[in-house]
Amino acid sequence: MKIRRDFLPFSRPSIGRAEIKAVVDCLRSGWITTGPKCKAFEDGFCRLTGASHSVSLSSATAGMHLTLLALGVGKGDEVITPSITFASTLNMITMTGARPVFADIDYDTLILDAAHAEALISKRTKVIIPVHFAGAPADMERILAMAKNCRLKVIEDAAHAVGTYYRGTHAGGFGHTAVFSFHPIKNITTGEGGMVVHNDEEFDRKIRLLRFHGIERDAWRRYGKEGNPEYDIQSPGFKYNLTDIQASVGLVQLARLEEMNHRRERLAAFYMEGLSGIPGLELPGVPDYPHTHSWHLFVVKVLSLERERFMQKLSEYNIGYGLHFPPGHRLTYVKKMRGARRPRLKETERCAGRILSLPLYPDMGDKDVHYVCDAVKEILGNG
Ligand SMILES: Cc1ncc(COP(=O)(O)O)c(C=O)c1O
């Protein structure tokens, strides 16, 4: 096959005229930091998820950090999460003084194995963090039942899950806390950004204080009309707020969610068809319970070639790729953690060296997917 001249990226944000206009309008408005656009974006997330509260933040990492702190997670606590997740979660757990405990995943779907997670619950376990991996929801009924029985808090890692539904409920709509990401590769973007959704008035107060220096009123309420510029701080906080410039982009993206996710779904279907039956390649598994997949990622497993070699070959064909994720339990600092439990992660180990994410983003053309399929076939000797 003929190698394309231009590089096909692994991901690319879909930014159109409306997003650009929204930013320009915001810049001209005189208010560019946290304000009415962030509020409207938060309201949009309440409508999408059905949660009563949404808090916009500078990233999902910030959201995870504050959520763990607001739930009182700290030294001596354990937090159960899969090892195949982004390191930010492990970093934030560690930053609070707690320890991650890794549960295994299902080999096909790469989603948390709830039975294994349940077996790991100890007196120290405070929180469980399932990941809606690649846009497919974790088995929330199972996880919620376990959390109820063992009095655990659940934080849904919904970084991949804008537009993901489990049995008709959107991620974040289960009465616990969920954290979304708007990093540029995500299903909707604000450049960088995150959202915590939840249903708890007291938690809301805590997280909003932690988000902005520990100050009761954000800048909008201090400097706006009839605002009061005085403040007191009862306990210190961070500076993790989203800006109105970012939220302006987020509002347009949110309005385009259905259109963009529909396109992702179509591209994923092309991949499923174009890559089926290739010896040495496994396609993404999807959960057997009712759900809507947001197709954030298309993660294949490569069996018949060293992944390193496969990645080199993709580069030669001018194709980008991603790795979601290098297992957390193999990170140097995690391996060095003293006193950490180290459960056997059979399925995680089995897929760790095989997984690879192929290009997937709404503005990708049909012919781009077909090109990737042909290249993969050729690379794996089936061309
Ligand atoms: C599963 C998962 N969790 C959390 C994050 C962190 O998101 P952010 O980059 O917005 O902090 C990511 C980002 O890639 C992710 O993929």
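All values reported here derive from a predicted model rather than from experimental measurement.

(A) The overall build of the protein, seen in detail. Looking only at helices and strands, one finds 14 helices and 13 strands in the protein. For 383 residues, the compact-globule formula gives about 21 Å, and the C-alpha radius of gyration of the protein, at 21 Å, lands near that figure. Relative to its full complement of 383 residues, the protein shows a buried share of 46%. The contacts in the protein between residues at least 6 apart in sequence include a share of 74% that link residues at least 24 apart.

(B) Local environment of the packing of helix α3 (residues 60-70) against helix α4 (residues 87-95). At a minimum axis distance of 9 Å, the contact between α3 and α4 shows a crossing angle of 30°. With respect to the hand of their crossing, α3 and α4 are arranged in right-handed fashion. Residues T61, M64, H65 and L68 of α3 lie in contact with α4, whose contacting residues are S88, T89, M92, I93 and M95. Classifying every residue of the contact of α3 with α4 by side-chain character gives five nonpolar, four polar and no charged.

(C) Up close: the site of the ligand. Inspection of the region around the ligand gives 14 residues, with S59, A60, T61, A159 and S181 positioned closest. Contributing elements (two or more residues each) for the shell around the ligand: α3 and α4. Across the shell around the ligand, the residue classes tally to four nonpolar, nine polar and one charged.

(D) Examining the sheet that holds strand β7 (residues 169-170) more closely. The strand order β7-β6-β11 describes an open sheet built from three strands, whose pairing is antiparallel. Whereas interior strands pair on both sides, the edge strands pair on one side only; in this sheet they are β7 and β11 (291-292). Note that strand β6 (residues 165-166) and β11 share two bridges and pair antiparallel. Bridge assignment links Y165 to a residue of β11, and that residue is T292.

(E) Main features of helix α14 (residues 366-379). The terminal C-alpha atoms of α14 lie 20 Å apart, and with 14 residues this matches the ideal 20 Å at 1.5 Å per residue to within 8%. For α14, the full list of buried residues reads V369, Y371, V372, A375, V376 and I379. For α14, the buried positions fall inside an angular range of 155° around the axis, keeping them on one side. Of the exposed residues in α14, those oriented more than 90 degrees away from the buried face are D366 and K367. For α14, the elements touching its buried residues are α10 (257-274), β10 (281-282), α11 (307-316) and β13 (355-358).

(F) Summary view of the domain arrangement of the protein. When its domains are assigned, the protein resolves into domain 1 (17-255) and domain 2 (257-379). For domain 1 versus domain 2, the distance between C-alpha centres works out to 24 Å. Every contact between the two is made by 38 residues of domain 1 and, on the other side, 33 residues of domain 2. Only α4, β3 (99-103), β6 and α9 (244-255) provide two or more residues apiece to the side of domain 1 that touches domain 2. Looking at which element gives the most residues to the side of domain 1 that touches domain 2, the answer is β3, with four residues. Residues that form the side of domain 1 that touches domain 2 fall into these classes: 21 nonpolar, nine polar and eight charged.

Rules and cut-offs
- Residues numbered from 1 in each chain as written.
- Predicted model: local features only at pLDDT ≥ 70, side-chain atom pairs only at ≥ 80, totals over all residues.
- Helix = DSSP H or I, 4+ residues; strand = E, 2+ residues; numbered from the N terminus.
- Rg over C-alpha atoms; globule rule 2.2 N^0.38 Å.
- Buried ≥ 20, exposed ≤ 12 C-beta atoms within 10 Å, placed from the backbone.
- Contact = placed C-beta atoms within 7 Å.
- Axes fitted to C-alpha atoms, helices over the stretch in contact; angles between N-to-C directions.
- Left-handed = near helix turned anticlockwise from the far one by under 90°.
- Nonpolar A, V, L, I, M, F, W, Y, C, P; charged D, E, K, R; others polar.
- Near = placed C-beta within 6 Å.
- Pairing = 2+ DSSP bridges.
- Expected span 1.5 Å × (residues − 1).
- Arc of directions from axis to C-beta.
- Domains from an automatic or database assignment.

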